[in-house]
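Topology and contacts: notes
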Amino acid sequence: MIRLWFSAAVLLRLLPASLSSSAPLYSEQDPLRILDGRSLKSTVGNSSSAWLVQFYASWCGHCIRYSGTWKALAQDVKEWRAAIGVAVLDCSVEDNFDVCKEFSIKLYPTFKYFRAHSPPTDYGTIYRGKDRRVQTVRQLMVNILQNHTEMDRPKYCPPLEPYSSSQLLPLLGQRSDHYTAIIVEEPDSYLGREVILDLVPFSGVQVVRALTSDRPLLDTLRITAFPTIYLLQPNGTHTHLHSEKPLRFFFSSLLKSLPGVQRRLKLVNSSSNTVQEGVLSHHQSNEPWRDFDRSKVYVADLESALHYLLRVEMATHGTLEGEELKIFKDFVTLVAKLYPNGGSVVKLMETLSDWLIALPLQRIPYQAVLDLVDNKMRISGVFLPVELRWVGCQGSRPGLRGYPCSLWTLFHVLTVQHEATPTALDKTGLEGEAAPVLQVMRRYIRTFFGCEECGRHFEEAAAASMSNIQNKEEQVMWLWEMHNRVNDRLAGSPSNDPLFPKAPWPSTSLCSSCHEENDGIHIWNRDHVLLFLRHHYGASNLSQKYSLTSLHLDPARTGPPKVDHRGGARSEEERNTSTRTNPPRQEGVVGGVWILGFNSVDMSLCLLLYVSSCLFLMLLFFFFRVRSRRWKLRYSRLHV
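Points about the overall build of the chain
Per the secondary structure count, the chain includes 21 helices and 18 strands. Burial analysis of the chain (640 residues in total) assigns 45% to the buried set. In the chain, of all internal contacts separated by at least 6 residues, the share reaching a separation of at least 24 is 74%. Surface exposure of the chain reaches about 33600 Å², of which carbon and sulfur atoms provide 56%.

Pasting the structure below:
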């Protein structure tokens, strides 16, 4: 019995250490700060923002179960970080024993909040509430901020107190350099304060709240439904702002989408915890602006994606062989089979696919592919525009959106087309994969995509979850989910276009039924999202506006287009000059490169086959010549 008790004691003693050495509950990918014994005091002490810290132990069963809720909270209030941050500290780690003891952490999890500008000797205030749902803790964070005085309020926390009619009515008709959004709500509502904090990282709009008890304000603005948004515009006009649903996510998304509202460029200093602000500069591009409908997908974007991919990104590879050649063949086959609505692009991809399959070589020069893409064989109906013509993917200045946006769009269209035409990939060698579109996309990005870090992030995500996809519907939803994750990660980065800020998609204006709230947390209605994706990326929603394929003449009459393989089309003046200085060439006599419709690669292959045949015939000749001599010698000896 004593031995049994001793074994149990040893087991209990070793259990925390063994659990603490397993995978941590929180990682750097979570939108929260992971603290330790060295960084705790320097982070929460004399900080310009308030902090809410969870002290936990990784072996604690309740802490493990609650980690998902804490991550959801951090994700939900990530826009508030300049005013109040969310953090964790693992007390089961040996290096953190002393600091947890110093901060009197006896039970797990323990929640402590620290006011902004608190001295290093402040050990925080324990939250003892039993309700630890996301909505309740979020409201606690609002209360923490509102309990600060005007003097010690966090530097980047806007006023949360309600404005009165005497403060707001004089603003009517006044011009300003920003919007003023007045959220009118019930006195016990948290919606207005939460939306104010949601807009902290954005410039161009000031959000204030007013109460339903302010009758002069309601009568003047003729407000009868609550909660509601009344918008004062920069030009002095003012109006009610319609929202599909009176929910926090809808209000915040609506205000973030106002023209001129931009995310501030935030640089967080981890050592001093300070935030440096600067509005992302908005430089207009020299390219002509093309008006477009956000509810449409533009064929011009898909054509531009293929133009850049085939003539620029792939052209950096002088030759294709082995795995690279197989991946390229799979990509061409995929587009040839799933690109919607047929046309000259499909004819090109089918021709390219047939040529690649029939080619007996294990290594091909990419120039041969370019010759076919540029239709130097003058095959009727084969054409791919030679210029970048972004429409739905155009950016406010060069370098923003463009090719990455169009590549996402292309693969979204292909996943939806694969679901709509499930037998399209039969007998292609791709039909055996559960998610063939995504697998081809994954291999292409890993092998050819120019942004190395982007490819690494995508590969990590694909390795973690792509194998779980079981059907075509999950393939569509996985790509949508991954695209939103990328948008969330890049929001606020220098690559974020201020005119098209990265935000959860589809927006409330495109699909209001896709968005819901559960216990005050935004959730997606996945069934409605799938219906939306099927329609949005379906063939019936593709717009031919700005597309060059619809204006293309038969290349057999017009000749192959002149291509600038550096990624852009020549100017109109250059094309006109080329037309004037280079008269049409006679069929069959094309400067020594084209002979009777065959290009230089075809002639090289013919020469190779000719030489191979000659060598083979010579070997046969010598073989039979030697053999006949041997027979002569044998019979001559027998005769003697």
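The structure having been displayed, the exposition proceeds.
Things to note about the environment of Glu 433
For Glu 433, the position within the fold is in the loop between α14 (403-420) and α15 (436-447). Residues Glu 433 and Asn 471, spaced 38 residues apart in sequence, show a C-alpha to C-alpha distance of 9.8 Å.

Observations concerning the state of the cysteines
Applying the stated criterion across every chain, the model contains 4 disulfides. Linked covalently through their sulfurs, Cys 393 and Cys 405 form a disulfide whose S-S length is 2.1 Å. An S-S torsion of about -70° defines the bridge between Cys 393 and Cys 405 as left-handed. One end of the pair, Cys 393, is in the loop between α13 (366-373) and α14; the other, Cys 405, is in helix α14, and 12 residues separate them in sequence. Cys 393 gets classed as buried once you look at its relative accessible area, which sits at 2%. Two residues, Cys 451 and Cys 454, share a disulfide whose sulfurs are 2.2 Å apart. With the S-S bond torsion at 65°, the cross-link from Cys 451 to Cys 454 turns out right-handed. Look at the chain and number its bonded cysteines as they come in the sequence; the links are 1-2, 3-4, 5-6, 7-8.

Looking at unusual backbone geometry
Residue Phe 226 is joined to Pro 227 through a cis peptide bond whose omega torsion reads -10°. In this structure, the amide linkage connecting Trp 505 to the following residue, Pro 506, adopts the cis form with an omega of 5°. Turning to its location among the elements, Pro 506 is positioned in the loop between α17 (472-490) and β16 (515-518). With a phi angle near 60°, Arg 378 is a residue other than glycine that sits in the positive phi range. Overall, the relative accessible area of 24% leaves Arg 378 in the partly exposed class. Positive phi values are uncommon outside glycine, yet Lys 427 reaches one of about 60°.

Considerations on the pairing of strand β2 (residues 50-56)
Counted residue by residue, β2 has 7 buried out of 7 residues, so it is predominantly covered. Every second residue of β2 is oriented toward a common face, with Ala 50, Leu 52, Gln 54 and Tyr 56 on one face and Trp 51, Val 53 and Phe 55 on the other, all of them buried. Examined bridge by bridge, β2 and strand β3 (residues 84-90) share 7 bridges and lie parallel to one another. Pairing of Trp 51 across the sheet is with Gly 85, part of β3.

A look at the environment of Ile 357
As for its position among the elements, Ile 357 is in helix α12 (residues 344-358). A residue is classified by how much of its surface remains accessible, and Ile 357, at 62% relative accessible area, is exposed.

Re the sheet that holds strand β5 (residues 125-127)
Ordered in space as β1-β3-β2-β4-β5, the 5 strands form an open sheet in which the pairing is mixed. A strand with exactly one partner marks an edge of an open sheet, and here the two such strands are β1 (33-35) and β5. Taking the axes of each pair of neighbouring strands and ignoring which way they run, one obtains an average angle of 30° across the sheet. As paired elements, β2 and strand β4 (residues 110-114) share 5 bridges and run antiparallel to each other. The partner of Phe 55 across the bridge, within β4, is Thr 110.

Topic: the confidence of the model for the chain
Mean pLDDT over the chain works out to 84, with 82% of the residues at or above the 70 mark. Across residues 4-21, where pLDDT falls below 50, the model places 5 contacts with residues more than four positions away in sequence or in other chains.

Some remarks on the packing of α12 against α13
Contact pair α12 / α13: the axes reach a minimum separation of 10 Å and the direction vectors enclose 145°. Between α12 and α13 lies a crossing whose hand is right-handed. In this structure, α12 contributes Leu 348, Thr 351, Leu 352 and Trp 355 to the contact, and α13 contributes Ala 368, Val 369, Leu 372 and Val 373.

Re the pattern of salt bridges
For the structure on display, the rule yields 27 salt bridges. Between Arg 248 and Asp 198 there is a salt bridge, with the nearest N and O atoms lying 2.8 Å from each other. Of this pair, Arg 248 sits in helix α9 (residues 248-256) while Asp 198 sits in helix α7 (residues 191-198), and the two are 50 residues apart along the sequence. When its relative accessible area of 8% is taken as the criterion, Arg 248 is described as buried.

Notes on the sheet that holds strand β8 (residues 205-211)
Where strands meet in a sheet, backbone hydrogen bonds hold them as pairs that are either parallel or antiparallel. Pairing within the open sheet is mixed, and its 4 strands lie in the order β8-β6-β9-β10. The sheet is open, and its two edges are formed by β8 and β10 (238-241), each paired on a single side. The average undirected angle you get between the axes of adjacent strands in this sheet is 25°. Pairing geometry for strand β9 (residues 228-232) and β10, over 4 bridges, is antiparallel. Opposite Leu 231, over in β10, you have Thr 239 as the bridge partner. Along the sheet, α9 contacts β6 (179-185), β8, β9 and β10; its crossing angle with β9, the most-contacted strand, is approximately 15°.

Here we look at helix α5 (residues 134-146)
If you check α5, its first and last C-alpha atoms are 18 Å apart, about what 13 residues at 1.5 Å a residue would give, namely 18 Å. Looking at α5, one finds that the buried residues are Val 134, Thr 136, Val 137, Arg 138, Leu 140, Met 141, Val 142, Ile 144 and Leu 145.

Calculation notes
Residues numbered from 1 in each chain as written. Predicted model: local features only at pLDDT ≥ 70, side-chain atom pairs only at ≥ 80, totals over all residues. Heavy atoms only, no water. Helix = DSSP H or I, 4+ residues; strand = E, 2+ residues; numbered from the N terminus. Buried < 20%, exposed > 50% of the residue type's maximum accessible area, 1.4 Å probe, protein only. Contact = heavy atoms within 4.5 Å. Areas by Shrake-Rupley, 256 points an atom, 1.4 Å probe, with all protein chains shown as cover. Disulfide = S-S within 2.5 Å. Pairing = 2+ DSSP bridges. Axes fitted to C-alpha atoms, helices over the stretch in contact; angles between N-to-C directions. pLDDT = per-residue confidence, 0-100. Left-handed = near helix turned anticlockwise from the far one by under 90°. Salt bridge = Lys/Arg side-chain N within 4 Å of Asp/Glu carboxyl O. Expected span 1.5 Å × (residues − 1).

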